Every structure is written in C-alpha cells, then in structure tokens.
Amino acid sequence: MCLTGQLIIILANGLDEIANSICLPFKRGVDMSTYKAEFLSCCVPGKVEVMARKDFSHAFEINACDEELVKSECILFAPFRYEISNDGRARLYECAMKFDRHGVVFPYAGVRLTDSDDAIGSLPETSIFLLPLHDCVLVRSDIFRRFGGFELFDEFSYAIAEFAVRVNRYGFSCVQANQVLIPSDAVSFLDQNSFKKALGRDYPEVLGKEVLQENLWRVEFAKALSVTLRNKPKVLFEYSNMVPWYCGTSEMQLAVLDYFLKFCSEKYEIVVRCNHEATFFHGLADRPCLLLCSDSCEEELLFDIGFVSAQPLDMEQQLYLNDHCMRIVYTMLDCILLRSGYLAAEEPSRADVVRGGLRYADGVIAISDFSRADYLDFFECDKAIVAKLNRVVYLSSDSGSQDEPALAEPLPFESYVLVAGSKFKHKALVEFLSVAKESKRNFVIVGFDELVAEAPNIKCYRGGLVDDEFLSALYSNCDCLVFPSQYEGFGLPITIAWRHGKKVVACDNDLNRELADHFSNMRDNIAFFMTFDEIEATIGNLLESPFSGSFEMSWSSAAAEIEEFIGYVLSRVVDWPLVDERQWFCRMIREARRVGEDSVGFNQLLEKRYKGKHSVMYKVISWILHISRSFVDFVRRACV
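Keep in mind that what you see is a predicted model, and the values were worked out from it rather than measured.

A. View of the overall build of the protein. Tallying secondary structure elements over the protein gives 24 helices and 22 strands in all. With 640 residues in all, the protein has 52% of them scored as buried. The long-range share in the protein, meaning contacts at least 24 apart out of those at least 6 apart in sequence, stands at 71%.

Below, the structure is given as structure tokens:
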C-alpha cells in the first residue's frame, strides 16, 4: 500500500480500517508530551544510526512522506527522563530485526547492573510476552505503516499495549530484550488490571491469569534477575515432607538447618518451608528464620536455591520448587522405595516422580559412595541423571549432654543390647526377634510396637516417639548396638553408637563395609554377620575387647560439607535452559491433571446422556475418550 499525505499514528483498529483511517481528519490522539521518538536505521551491519528525534507537545503526528520515516527501520519511544545509550539502541534494534515476527521490543526495567555481566550474558537475548510491561518501546516502522498506530488512551503505556496485542493477532510478537536494562523509575509500568477492564471485551486474550507470562520460564524475569544480583542469596530449606517424629532424616534436617542458622546467617537469607505437624513437634517456630507453611502458596517468593534433604518423592514439592527456585539440590538417601516391590506398589508412579526430580535438579547429594552408586545404578538408562553434578557427604551424630538427664522412666534393664530399626521389612527386626527370644541376653528394640515382643528379656519402644534424652540414655548405657538392617543408604545408628563409645554388630554388606573403611579408626569397633543365627556369637566375640579410639565426625562437619556444595552450586551461572525445562515439565503435569479431572466429569455426563438411549454413540465417544486418556498417560510419562 502506498501512503500519501499526512499519517496520524493513532489511526487503526485493524487492517480493515487502515485505508479509511488514513484519510480521516485528526480526531483523537495520545498525549505524548512527556515522550520522544527516535528513528533508527542500520546502514552498516552492527551500527545503528539515529536519523532524527522528534519531541511531542500533545498529539503524536508523523508525516508519512517524512524522509526519516521512509528511511527508518524502527522507531524508539522513550520518556524524556531517560536517555537510551547507543549500545542500548543497538541491542534493541538487533532484537527487533532478529526475526520477522518481532513487532514490539521493550527493554528489561529493573535494578541497574554494575558488575553482573556474567549474569546478563547467561540469559537468552529475548523472551516473548503478550504485552509490553512499560512505556519504553521500540516498534518496527513497517508494522506501523501496515497496521496503523496508537489508539486514544490517557496513558501511553495503554496505547502501546493495545497496539502490541492488536498486531499480535496477525502473528507479530512482543519481546523483551533481556540484556538491555534501564532503571525501573525511568518508565511507567502497565496497570494490568485496569488494562484488562478497558480492553477485555475487544481482546479477551488479555483476561488470562498469566497474560504477562513469558514463554521461556514461569518465574518472572524481573524477580529472577534481581535475585541474581542480590548480595545475600536466599536459601529455601524445603521441609514440607518432614515427619513429626524422630528419625535419621529429621535429625539430618534439623542438624543442617541449625548449622546454617548458627554459622551462615550473615551469608544467606534462610527460609524454611514445613508442614504444621513437624513444625510443632520439632520446634521450628523457635528458630531465628522465616518460616513458611507448606499448606499455603507464596507466589511472590523466589529463591536462589532450594535444598531438600531427601529424595524427590513428592510431586507437589517438586512443583513448588520448580516454580520458586532458580537452582535445586536434592539428597539421595537410598532407593529402597523404588527397588522393593511392596513399597513401590504403594505409589506406582514414584520412580517417575523421583526421575523427574533428579533430571531437573542442579545438583545431588549422596550420603555415601554406596548411596550414589545405588541411585546411579537404578537410573542408569537416564543419561541426564548420570551426568548430573553430585557430591558424597557422610552423615554423623553429635554427643549428648555430659550430665545425667532426669529420665521420665527408668531404663528397662541394667545390662542390655540395643537394637535399632523400624517397621519396614528391610530393617529385619522380625527376623532378629526370633534370635533375641532364644538368647540369654536382654534386648531393647527401638522401632517396634511395645506389644510385638512377648518375652521377658525383650523390651520394645515404638520408633520415632522416643525422646532425645531417653534415646541418648539407651545408647550410653547399652553393651553394644545390633543393627540388623539389610539395606541402608548410610546407617545413622552406627555412627550414633560410635559417638557414645559403643561397638556395633551390623549386617555384612557393601554400605557397612564402606563405613568401616571410611571411619578407619572405628574398624575395631564393628563386626559383621552374614546370617541371623551368627548374631549371638558375633556379639560375644565383639564384647571381648573394649571400645577403642574416638569418633570425631560431627553434624557440624557434615553440614559444613553440605554448605560448601550448596555454595558451589550457587557460584555457577543459573542454568536457564534447565529452568525452562522444569517449567515445561510443571505445565505438562498440571495440564495432564486438568485433562484427567475434566475427563471424569465428562465420563459421568456421557453415561447419563448416552449409555441407555444411544448405545452406538456411547461406544464411539467412549472410544474417543479412551484415546485421549492414552494420550494424557503418554504426556505424563514423557514429562519424566
């Protein structure tokens, strides 16, 4: 189309009105009194030339025959209070001309960067939005000439947003130039809610909840960048699955958190997310940190890193981490929940959930060489998991108070052997019980219900509910520890016994042999059995000599290694493609859930309306529904 005469850049609502609008006399315009426009062109590759600059007193008018407009490739609009640098102009121009479908380009408006070139360079050049976020924009001149200009609004940010969503209907995207930054106080940001009310009827697409969501990652870019620049990284301890009783995992969680609060509070901003029951049981509310409830969703929070001291077993936990953390570190304890069929059957999708968590993590902590080999063997076919950054950190224990505590109840025996375990079959307490009943020794078993053992030489305590002081007294006063478990990622009771100066009888397996070799000065304080009928003789032989040496490893030393690994992951540039992959994964999971929920209601409606009266139609629609469910199942598996 050849334009003649004067072009008022406020003209068209769409292609169908352009011809008439050009001929209409000036009736309305956008108040441009605080803005300037610069015509940009690039005659030499890599060099952007400012052809002309126009200041406006009221209405925005550009003569279609002006030499500047005819020759220019882009028009840059900016408030008078902000000057775009030559480098900024060049980058905006390059983003606009990068691809034919780029229509409106705007810079990132946030904190001014000084020493963060690495952070900027790690980000993609552009991100796609539906609308510009503020009123400093660059528009390609050919799109102005093709679709007309701005409509009448009190604020220019509304006018440019309407223009962007209008041309978007013809396939032209609005993009943010991620590597061009301007101060947030130099621009006027778009009021999303007011804009939706004003144009929601004409442009219903702007009514979507995530109208300003970019196509690369769900976490808002501005927040992500501001966190990258923050002097004090924000660390999330994601303890939403913490159990409200004592166990090895909860002891590790508390020890690591307390170490960070004591030694790292000046270095990190520490936040804990936990459930109500565990918060109350373990007294987390008394610790000097920000405490979040896992029942609520704090949409505005974003963390530099999320740390989970357990396997990624919970999809809800993964979704939260993926939404709110730029980096994620999981702890792989063991794979018993995946390897043992009776446990895996409780949650058939558990292996896929764990695989998804490990695949999209930035790092993995294993609690022993065996633990690392365990999960790498189980997921050997997944090369992304095998290649993931990992670190082995051995767990430990701390010595109790030197003072004799006032116990709520007396110890059950004067002389006894302590046995540690739990209800799970691999802990082998059932098998050990038959041995204990035939022995002349006294046994205290922690991990069984009190009513399980009906023998005068056996006392059982329910696992998890024995308080710290009484449990410490049981360790301190026992003859030795028997640890019959057949499968562990670490075996924390072994180090607790060593800390109390007690010898250990343990199953002969790779993990326990590894602990004996790693803590080499404890080698004489552990003996192994192969079959359960060997336990009695092994105890006798082990107790012939006293405990030797001292166990020096503490929770502080283990937590220091975890902190060192977290610090290393934080020192690395954010893996934005991985963040993008996580967000895609979350969207697919949520969409699959939504489709699944909708299909249930649809199935009920189908039976009600068609099953009796229209059997053929019912079969056809049922077949279509079956195909769609198969597709949903395929998507779920593809996500992991």
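Next comes the rest of the account.
B. Structural context of the sheet that holds strand E22 (residues 526-529). With respect to topology, six strands assemble into an open sheet ordered E19-E18-E17-E20-E21-E22, the strand pairing being parallel. On the outer flanks of this sheet lie strand E19 (458-461) and E22, each paired with one strand and no other. Across this sheet, the average inter-strand angle for adjacent strands is 20 degrees, counted without regard to direction. Pairing of strand E21 (residues 504-507) with E22, which is carried by four bridges, proceeds in the parallel orientation.

C. Fine view of a negative patch on the surface. A grouping of Glu409, Asp467, Asp468 and Glu469 is seen on the molecular surface, where their side chains present a negatively charged patch. Note on placement: Glu469 falls in helix H18 (residues 468-477). A relative accessible area of 48% places Glu469 in the partly exposed class.

D. Broad picture of unusual backbone geometry. A positive phi angle is found at Ala428, which is not glycine, with a value near 60 degrees. Position of Ala428 among the secondary structure elements: in the loop between strand E17 (417-420) and helix H17 (429-437).

E. Representation of the pattern of salt bridges in the model. All chains considered together, the criterion is met by 23 salt bridges. Among the ionic pairs, Arg166 bridges to Glu162, the shortest N-O distance being 2.9 Å. Note that Arg166 and Glu162 are positioned in helix H6 (residues 156-168) at a spacing of four residues, about one turn of the helix. A salt bridge links Asp362 to Arg582; the shortest N-O distance between them is 3.1 Å. One end of the pair, Asp362, is in the loop between helix H14 (350-359) and strand E15 (363-366); the other, Arg582, is in helix H23 (residues 576-611), and 220 residues separate them in sequence. Relative accessible area serves as the criterion here: at 13%, Asp362 is assigned to the buried category. Salt bridges linked by common partners bring Asp100, Arg101, Arg140 and Asp142 together as one network.

F. Spatial organisation of the pairing of strand E14 (residues 328-332). Most of E14 is tucked away, with five of its five residues classed as buried. Neither face of E14 is exposed, since Ile328, Tyr330 and Met332 on one face and Val329 and Thr331 on the opposite face are all buried. Sheet analysis places strand E13 (residues 305-307) next to E14, joined by two bridges and oriented parallel. The residue of E14 that forms the bridge with Gly306 is Ile328. The pairing of E14 with E15 spans four bridges and is classified as parallel. Counted as the bridge partner of Tyr330 is Val364 from E15.

G. Quick look at the packing of aromatic side chains. In this structure the tally under the stated criterion is 24 aromatic pairs. When the centroid spacing of 5.1 Å and the interplanar angle of 20 degrees are considered together, the rings of Phe144 and Phe163 count as stacked. You can see Phe144 sitting in helix H5 (residues 141-147) and its partner Phe163 sitting in helix H6, a full 19 residues away along the chain. Judged by relative accessible area, Phe144 falls into the buried class, the value being 3%. On the basis of relative accessible area, Phe163 is assigned to the buried category, the value being 0%. Plain terms: the ring middles of Tyr158 and Phe195 are 5.8 Å apart, the flat faces sit at 75 degrees to each other, and that makes the pair edge-to-face. Highlighted residues: Tyr158 in helix H6 and Phe195 in helix H7 (residues 192-199), separated in sequence by 37 residues. Of the residues examined, Tyr158 reaches a relative accessible area of 12% and is grouped as buried. Through a chain of ring-to-ring contacts, the aromatic side chains of Phe237, Tyr239, Tyr259, Phe260, Phe263, Tyr268 and Phe307 assemble into a single cluster.

H. Highlighting the pairing of E17. Every second residue of E17 is oriented toward a common face, with Val417 and Val419 on one face and Leu418 and Ala420 on the other, all of them buried. Alignment of E17 against strand E18 (residues 443-446), held across four bridges, turns out to be parallel. The partner of Leu418 across the bridge, within E18, is Val444. Following the backbone out of E17, through H17 and into the adjacent parallel E18, one traces a crossover that is right-handed. With two bridges joining them, E17 and strand E20 (residues 481-483) adopt parallel strand pairing. Bridging from a neighbouring strand, Val419 pairs with Val482 of E20.

I. Just the nonpolar core, in detail. Counting 82 residues, the largest nonpolar core has Phe237, Tyr239, Val256, Phe260, Phe307, Leu418 and Phe519 as its most contacted members. Setting aside its immediate chain neighbours within four residues, Leu418 contacts Val444, Val446, Leu474, Tyr475, Cys478, Cys480, Leu481 and Val482. Counting 34 residues, the second-largest nonpolar core is a separate cluster that includes Phe77, Val139, Ala161 and Val167.

J. Region of the structure containing the side chain of Ser127. If you trace the backbone, Ser127 turns up in strand E7 (residues 126-129). Within polar-contact distance, the side chain of Ser127 engages the side chain of Asn178 at 2.9 Å.

K. Focus on the sheet that holds E15. Read across the open sheet, the seven strands follow the order E12-E11-E10-E13-E14-E15-E16; overall the sheet is parallel. Looking at strand neighbours, the two that pair on one side only are strand E12 (290-293) and strand E16 (390-392), the edges of this open sheet. This sheet shows a mean twist of 20 degrees between the axes of neighbouring strands, independent of strand direction.

L. Representation of the environment of Val167. Along the chain, Val167 falls in helix H6. Of the residues examined, Val167 reaches a relative accessible area of 1% and is grouped as buried. The spacing of Val167 and Arg146 is 21 residues in sequence and 9.6 Å in space, taken between C-alpha atoms. Once residues lying within four places of it in the same chain are set aside, the contact partners of Val167 are Ile143, Phe147 and Phe172.

M. Representation of the confidence of the model for the protein. Of all residues in the protein, 77% attain a pLDDT of 70 or more, and the chain-wide mean is 80. In the model of the protein, strand E1 (residues 6-8) stands out as the element of lowest mean pLDDT, 34, in contrast to E20, which has the highest, 97. Taken together, the stretch residues 1-28 has pLDDT below 50 and engages in 58 contacts with residues farther than four places along the chain or on a different chain. Note that residues 211-220 has pLDDT below 50 and, in this model, 39 contacts with residues that lie over four places away or in other chains.

N. Inspection of the environment of Ile367 at higher detail. Along the chain, the position of Ile367 falls in the loop between E15 and helix H15 (369-378). A residue is classified by how much of its surface remains accessible, and Ile367, at 4% relative accessible area, is buried. With 25 residues separating them in the primary sequence, Ile367 and Val392 have C-alpha atoms 5.5 Å apart. When residues no more than four places from it in sequence are discounted, the contact partners of Ile367 are Thr331, Met332, Leu333, Val392, Val393, Tyr394, Leu395, Gly489 and Phe490.

How each quantity is defined
Residues numbered from 1 in each chain as written. Predicted model: local features only at pLDDT ≥ 70, side-chain atom pairs only at ≥ 80, totals over all residues. Heavy atoms only, no water. Helix = DSSP H or I, 4+ residues; strand = E, 2+ residues; numbered from the N terminus. Buried < 20%, exposed > 50% of the residue type's maximum accessible area, 1.4 Å probe, protein only. Contact = heavy atoms within 4.5 Å. Pairing = 2+ DSSP bridges. Axes fitted to C-alpha atoms, helices over the stretch in contact; angles between N-to-C directions. Patch = residues over 30% accessible without salt bridge, like charges linked within 9 Å, V, L, I, M, F, W, Y side chains within 5 Å. Areas by Shrake-Rupley, 256 points an atom, 1.4 Å probe, with all protein chains shown as cover. Salt bridge = Lys/Arg side-chain N within 4 Å of Asp/Glu carboxyl O. Lys, Arg positive; Asp, Glu negative; His and termini not counted. Charge placed at Lys NZ, Arg CZ, Asp CG, Glu CD. Phe/Tyr/Trp six-rings, centres within 6.5 Å; stacked < 30°, edge-to-face > 60°. Right-handed = clockwise from strand over helix to strand, strands pointing away. Core = buried A, V, L, I, M, F, W, Y, C linked by side-chain atoms within 4.5 Å. Polar contact = N/O pair within 3.5 Å; in protein donor to acceptor, adjacent residues only side chain to side chain. pLDDT = per-residue confidence, 0-100.

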